[in-house]
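Single-letter residue listing:
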Amino acid sequence: MTLCYLNGTFQPLEHAAISPMDRGFLFGDGVYEVIPVYSRRPFRLDEHLGRLQRSLDAIRLANPLSSTQWQGVVNRLVTEFAADDCSILLQVTRGPMAVRNHAFPATITPTVFCLAEKLHTPPDEQRTQGISAISTADIRWLRCNVKATSLLANCLLRQMAIDAGCAETILFRDGMLSEGAASNIFVVKDGVLLAPQQNHLMLTGITYDVVLELAANHGLKTDVRDISDAEVCAADELWMTSSTKEVLPIVELDGQKVGAGKTAGLPGPVFWAMYGWYQDFKRTVMRGN
Ligand code: PDD
């Protein structure tokens, strides 16, 4: 039995039901968070709840739960999950409407859905051999900093990568790097870690922040700024990051090997350094060992 939380009630997922008039279903009118849990400790819960609040503010929806209530729901799902590691989905939609209408209903009863799922960390070979990516134009809206459930463009963009036998699609807007279809993208050039700056064209990942913090703690130089497509093509290393994928090296982009020299087409030395720092951090801070 998989336990979920729906509108105030913990219940088996199999029994959970929402109205077909839910605005989340009909319009993708909602926001969400995905939180990794290691050794039954939700990672950066406050930061995820902070981002959820910013997303709710951006779509003009009052937060239906207090921080303490969110923590209570997350803790119960974590406690009852079969494994020590999992990932938690939090989702809030603008709820059901009596009549289909784009404008907000006068009275809103948001739908709150939370679920613990198996944590799908990447298989070892994706880390040791790296992954392939394609690139394309970022066709999404101009509020990508909102973690909205309306993910149709992201789904189409991720599927483009899958259809090409790749793992991720790297997105460019007006020749500048924004992010991946469901990840943030980093560039390594001449020993410096480049990251696109936070703005409305990308989601600021919780993992993105962790990677920049680890770089700062270990003396790896960083430069957070706009990154052009030419710089991505000329990168020594490319990485993708997300809560569930952690940090993965992209070793091939649009059929071309990433990097030059001995590590061309292989995970590079800066990736291996970051991977080590990330795993140490996971063991000591995330798992608390
Ligand atoms: N997505 N950018 C986009 C568009 C994303 O969908 C995600 C993660 C990220 C990375 O954010 P974080 O480091 O906080 O996971 C960046 C999640 C995992 C998802 O939709 O399942």
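None of the values given here were measured: they were computed from a predicted structure.

The rules behind each value
In every chain, residue numbers begin from 1 and rise along the written sequence. Restriction of local features to residues with pLDDT of at least 70 applies here, the model being predicted, together with a cutoff of 80 or more for giving and counting side-chain atom pairs; totals for whole chains, interfaces and linings are based on all residues. Think of the side-chain values as coming from all heavy atoms in the structure, minus any hydrogens and water. The salt bridge criterion pairs a side-chain nitrogen of Lys or Arg with a carboxyl oxygen of Asp or Glu, the two atoms within 4 Å. Secondary structure elements are defined from DSSP: runs of H or I of at least 4 residues count as helices, runs of E of at least 2 residues count as strands, and each element is numbered from the N terminus. Remark: exposure states derive from per-residue accessible area (1.4 Å probe, protein chains only) relative to the maximum for the residue type, with buried under 20%, exposed over 50%, and partly exposed in between. Here a strand pair is declared whenever DSSP counts at least two bridges between the two strands. Whether two residues touch is decided by their heavy atoms; if any such pair falls within 4.5 Å, the residues are in contact. Note on geometry: axes are C-alpha line fits, over the in-contact stretch for helices, and angles between N-to-C directions span 0 to 180 degrees. Each residue is tested against the molecule or strand, and it is near if at least one of its non-hydrogen atoms lies within 4 Å. Identification of polar contacts relies on pairs of N or O atoms within 3.5 Å, with a donor-acceptor requirement for protein atoms, meaning one able to donate a hydrogen and the other able to accept it, and with residues adjacent in sequence counted only if both atoms are side-chain atoms. The Shrake-Rupley method, run with a 1.4 Å probe, gives the accessible areas here. Residue values count only the displayed protein chains as cover. Cavity means a closed set of points on a 1 Å grid over the protein atoms alone, one where a 1.4 Å probe fits but cannot get out, pocket means an open set with protein on both sides within 12 Å along at least 5 of 7 lines, and lining means a residue has an atom within 4 Å of a point. The rule for placing a molecule in a cavity or pocket is simple: more than half of its atoms must lie within 2 Å of the grid points. To estimate how far a helix should extend, the number of its residues minus one is multiplied by 1.5 Å. Directions pointing from the helix axis toward each C-beta atom define the arc.

Caption draft 1: View of the pattern of salt bridges. One pass over the full model with this rule turns up 18 salt bridges. Where Asp-138 meets Arg-173, a salt bridge forms, and the shortest distance between an N and an O atom there is 3.6 Å. Taken together, the positions of Asp-138 in the loop between strand E7 (131–137) and helix H5 (152–163) and Arg-173 in strand E8 (residues 168–173) put the pair 35 residues apart, joining distant regions of the chain. Judged by its relative accessible area of 7%, Asp-138 is buried.

Caption draft 2: Summary view of the sheet that holds strand E6 (residues 111–117). Pairing within the open sheet is antiparallel, and its six strands lie in the order E2-E1-E6-E5-E3-E4. The two strands at the open ends of the sheet, each matched to only one other strand, are strand E2 (9–12) and strand E4 (41–42). Where strand E1 (residues 3–6) lies against E2, four bridges are found, and the strand directions are antiparallel. Among the inter-strand pairings, Tyr-5 is bridged to a residue of E2, identified as Phe-10. Taken strand by strand, helix H3 (residues 67–80) contacts E1, E2, strand E3 (30–38), E4, strand E5 (86–93) and E6, and its axis lies near 140° from that of E5.

Caption draft 3: Region of interest: the site of the ligand. Taken together, 18 residues lie around the ligand, and Tyr-32, Glu-179, Ile-206, Thr-207 and Ser-243 are the ones closest in. At a separation of 2.8 Å, an oxygen atom of the ligand approaches a polar backbone atom of Ile-206. A distance of 2.7 Å separates an oxygen atom of the ligand from a polar side-chain atom of Ser-243. Notes on the ligand: free accessible area 470 Å², of which the protein chains cover 88%. The site holding the ligand turns out to be the largest pocket. For the shell around the ligand, the secondary-structure elements that each account for two or more residues are E3, helix H6 (206–217) and strand E13 (237–242).

Caption draft 4: Molecular detail of the pairing of E13. Counted residue by residue, E13 has six buried out of six residues, so it is predominantly covered. In E13, alternate side chains face the same way, and those of Glu-237, Trp-239 and Thr-241 on one face and Leu-238, Met-240 and Ser-242 on the other are all buried. As paired elements, strand E10 (residues 184–189) and E13 share five bridges and run antiparallel to each other. Residue pairing in the sheet places Asn-184 in a bridge with Thr-241 of E13. Pairing between E13 and strand E14 (residues 246–253): five bridges, direction antiparallel. Bridge assignment links Ser-242 to a residue of E14, and that residue is Glu-246. Hairpin connection, E13 to E14: the antiparallel pair is bridged by three residues.

Caption draft 5: Structural view of H5. In a regular helix each residue adds 1.5 Å, so 12 residues correspond to 16 Å; H5 covers 16 Å between its end C-alpha atoms and thus fits that length. Within H5 the residues assigned to the buried category are Ala-153, Asn-154, Leu-157 and Ala-161. Across the axial projection of H5, the buried residues extend over an arc of 100°, all falling on one side. Exposed side of H5, more than 90 degrees from the buried face: Leu-152 and Asp-163 are the residues found there. On its buried face, H5 sits against E7 and E8. Note on H5: the residue one or two positions beyond its end, Gly-165, has a positive phi of about 75°.

Spatial relationships are all this shows, so hold off on functional conclusions.
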